[in-house]
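Observations on the model geometry
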Amino acid sequence: MNKLLLIIALIIFSNVTLSEEVTVTWNKLIKECELALIDGEMEKAQQLAFELNSIDPADTHVMYYLVLTHTELNLPVPKWLIEHPWPNATKKDRENYRRASRILNGT
């Protein structure tokens, strides 16, 4: 019984530790991405947005950054980004989609 409790405790601890690492990485990358956008470093911002998207492919703020950087760099927006519906669970998700659509439509 003690071994089982120890195993459960180790699993929980490792999951919490991993979650904290991902959160720290996410926060670092999002800050770097936003600074790159502010500084007009679109290639760097795009690279960081791709990294963020690999962590959370459903984050609409990052999806918006991908649309923005591709458009600013005069590159075609990846089909996988615009052919599938975006998450729209929150008001922020819907607003990010509207913002991306306006960029794609040139308005």
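Let us look at the structure shown here. The structure displayed is predicted, hence computed values, not measured ones.

**Some points on the overall build of the chain**
Helix and strand counts for the chain come out as five helices and zero strands. Listing every helix and strand of the chain by position from the N terminus yields α-α-α-α-α. Out of the 107 residues in the chain, the part that is buried amounts to 32%. Put simply, of all contacts in the chain between residues at least 6 apart along the chain, 52% involve residues at least 24 apart. Summing over all exposed atoms, the chain offers an accessible surface of approximately 7400 Å²; the carbon and sulfur share of this is 60%.

**Regarding the packing of helix α2 (residues 42-55) against helix α3 (residues 60-72)**
α3 packs onto α2 with a crossing angle of 150 degrees between their chain directions and a minimal axis gap of 9 Å. It follows from the interaxial angle that α2 and α3 lie roughly antiparallel. The two elements α2 and α3 meet at a crossing, and its hand is left-handed. Across the interface between the two elements, M42, A45, Q46, A49, F50, L52 and N53 of α2 pack against V62, M63, Y65, L66, T69, H70 and E72 of α3. The residue inventory of the contact of α2 with α3, partitioned by class, reads nine nonpolar, four polar and one charged.

**Here's the deal with the side chain of H61**
In this structure, H61 sits in helix α3. A relative accessible area of 19% places H61 in the buried class. Within the structure, H61 has its side chain in polar contact with the side chain of Y65 (distance 2.9 Å). The contact partners of H61, leaving out residues within four places of it in the chain, are E34, K92, N96 and R99.

**Quick word on the side chain of D59**
Its location among the elements puts D59 in the loop between α2 and α3. Of the buried charged residues, D59 lacks a salt bridge, with K92 as the closest side chain of opposite charge at 6.8 Å. Polar side-chain contacts of D59 include one of 3.0 Å to the backbone nitrogen of V62.

Conventions adopted
Residues numbered from 1 in each chain as written. Predicted model: local features only at pLDDT ≥ 70, side-chain atom pairs only at ≥ 80, totals over all residues. Heavy atoms only, no water. Helix = DSSP H or I, 4+ residues; strand = E, 2+ residues; numbered from the N terminus. Buried < 20%, exposed > 50% of the residue type's maximum accessible area, 1.4 Å probe, protein only. Contact = heavy atoms within 4.5 Å. Areas by Shrake-Rupley, 256 points an atom, 1.4 Å probe, with all protein chains shown as cover. Axes fitted to C-alpha atoms, helices over the stretch in contact; angles between N-to-C directions. Parallel < 35°, antiparallel > 145°, perpendicular 65-115°, else oblique. Left-handed = near helix turned anticlockwise from the far one by under 90°. Nonpolar A, V, L, I, M, F, W, Y, C, P; charged D, E, K, R; others polar. Polar contact = N/O pair within 3.5 Å; in protein donor to acceptor, adjacent residues only side chain to side chain. Lys, Arg positive; Asp, Glu negative; His and termini not counted. Salt bridge = Lys/Arg side-chain N within 4 Å of Asp/Glu carboxyl O.

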